Amino acid sequence: MASVLFSPITMRGLTLPNRVVVSPMCQYNSNNGSANDWHLMHLGNMSLGCAGLVMAEMTNVNPQGRISPKCAGMYSDENEAALKRVYDFCRQYGVAKLGVQLAHAGRKGPQMPPGAGGKPILEGPDAWTPEAPSAIAYDAGWPVPHAMTKDDIKRCIGEFAEAAKRVDRIGYDVIELHGAHGYLAHQFLSPLSNKRTDEYGGSSENRMRFAIEMYEAVRAVWPEQKPLGMRVSATDWVEGGWTPEETVQLAKELKKRGMDYMDVTSGGLHPQQKIPLAPGYQVPFAEKVKKESGITTMTVGLIAGYQQAEDIVASGKADMIVLARGALWDPRWAWHAAEELGAETPYAPKMMACHPKLRPQLFPKRAQAT
Ligand SMILES: Cc1cc2nc3c(=O)[nH]c(=O)nc-3n(C[C@H](O)[C@H](O)[C@H](O)COP(=O)(O)O)c2cc1C
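The following refers to the structure shown. (Residues numbered from 1 in each chain as written. Predicted model: local features only at pLDDT ≥ 70, side-chain atom pairs only at ≥ 80, totals over all residues. Heavy atoms only, no water.)

### Topic: unusual backbone geometry
Then, in step 1: Residues glycine 109 and proline 110 are joined by a peptide bond in cis, for which omega reads -10 degrees.
Then, in step 2: The topology assignment puts proline 110 in the loop between strand 6 (97–103) and strand 7 (131–132).
Then, in step 3: Positive phi outside glycine occurs at arginine 12, with the angle close to 50 degrees.
Then, in step 4: By the element assignment, arginine 12 lies in the loop between strand 1 (9–11) and strand 2 (14–16).
Then, in step 5: Despite not being glycine, asparagine 32 has its phi angle at roughly 50 degrees, a positive value.
Then, in step 6: Relative to the assigned elements, asparagine 32 resides in the loop between strand 3 (20–22) and helix 1 (37–46).
Then, in step 7: Look at asparagine 32 and you get exposed, because its relative accessible area is 63%. (Helix = DSSP H or I, 4+ residues; strand = E, 2+ residues; numbered from the N terminus. Buried < 20%, exposed > 50% of the residue type's maximum accessible area, 1.4 Å probe, protein only.)

Following this line, the structure appears as structure tokens:
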């Protein structure tokens, strides 16, 4: 039977050759938010054929929206020019379609990069006062954020739109808005971090307002033919937090407004979360969102097996699978999966020399067929 994982999928004017996506992955290696040679290597490498779509890391819409001083940004001409250099390489040599995840970390910044300990930065030249829906710190010992005024919210939503214009000017195919993992939009969604009493807090409908306005502002400036999605945590894994049912409701609201996909993940909002990690543990959330809202979904988290990925999309539990650590482990994952599943997938022209069809003797299934 033909592989579903390696069948194309179309969203607006974009057709991906397969259902494999490289997840956005923070590199904690930017200079004042700007990409450099590391990103050229990392994203350039992924663009050669790991997946149909390669997402660039969480890229923040203002300097105080970064997780760490080394995180990526899209708030200056320098940021735009630096990412354009990376993009140009990926377009010239790679075959993957290219996306950027736009974000704001809210109360989860500023912190040291994980490799430097991940501790909150409370003072010194790298410290800043983060902004969030309410003045509630992520955890004891973390900075207490400034509770955003309505003017702050308006400004921040405008920054998402300005960053989206820059991403479009560079040439990217897809924007994913980060509404997950405890960052700003998720902080608005969850009643654990949002204690506002105005129209941005309280009821489920009010808590969704920021995410919806962020989506609408970006959709208004992002070209009609280009897909726009959002990554959302389906649960906080903490009693009294954001729920899968609310996630479905948000998906319905965003679908009504033309959103192209929801990338369904979980957690990240609260230090007391208890996550039952297991292969594909977040797939049931994507399945629920897809079945109950009808929106196109991506699923992510502990997916790395070829047949595991095929089964998820073939059984209709999700439309696309997203790999983070699996893609770091094997940047040629899609080539290897396609070979195992008897499917074809694009190779970068400069890598064609290694294509199994040029040396079938080494590949049992091809050897039998010849
Ligand atoms: C190095 C690294 C950086 C990450 N950075 C981001 C990010 O920028 N945005 C995001 O939504 N998730 C980020 N994540 C989470 C992953 O995208 C993914 O959701 C998670 O690792 C689970 O998938 P996996 O089991 O395939 O690694 C990161 C994960 C890793 C390992």
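### Some remarks on the pairing of strand 11 (residues 261–265)
Then, in step 1: With five of its five residues buried, strand 11 lies for the most part within the structure.
Then, in step 2: Burial of strand 11 is two-sided: the residues Tyr261, Asp263 and Thr265 facing one way and the residues Met262 and Val264 facing the other way are all buried.
Then, in step 3: In the sheet, strand 10 (residues 228–233) pairs with strand 11 via five bridges, with the strands oriented parallel. Across the sheet, the residue bridging to arginine 231 is aspartate 263, located in strand 11.
Then, in step 4: What joins strand 10 to strand 11 is helix 7 (residues 244–256), and the crossover it makes is right-handed. (Pairing = 2+ DSSP bridges. Right-handed = clockwise from strand over helix to strand, strands pointing away.)

### Some remarks on the nonpolar core
Then, in step 1: Core analysis: the largest hydrophobic core is formed by 82 residues, its most contacted members being Leu102, Leu177, Phe210, Leu250, Met262 and Trp333.
Then, in step 2: If we ignore the near neighbours within four places in the chain, the residues touching leucine 102 are Thr59, Met74, Phe160, Ala163, Ala164, Val167, Ile175, Glu176, Leu177 and His178.
Then, in step 3: Counting 13 residues, the second-largest nonpolar core is a separate cluster that includes Ile9, Leu16, Met55 and Val322. (Core = buried A, V, L, I, M, F, W, Y, C linked by side-chain atoms within 4.5 Å. Contact = heavy atoms within 4.5 Å.)

### Describing the packing of helix 9 (residues 306–314) against helix 11 (residues 333–341)
Then, in step 1: Running from amino to carboxyl end, helix 9 crosses helix 11 at an angle of 80 degrees, the nearest separation of the two axes being 9 Å. With respect to helix 11, the axis of helix 9 lies roughly perpendicular. Contacts between helix 9 and helix 11 pair Tyr306, Gln307, Ala309 and Glu310 from the former with Trp333, His336, Ala337, Glu340 and Leu341 from the latter.
Then, in step 2: Here the contact of helix 9 with helix 11 is built from residues that sort into five nonpolar, two polar and two charged. (Axes fitted to C-alpha atoms, helices over the stretch in contact; angles between N-to-C directions. Parallel < 35°, antiparallel > 145°, perpendicular 65-115°, else oblique. Nonpolar A, V, L, I, M, F, W, Y, C, P; charged D, E, K, R; others polar.)

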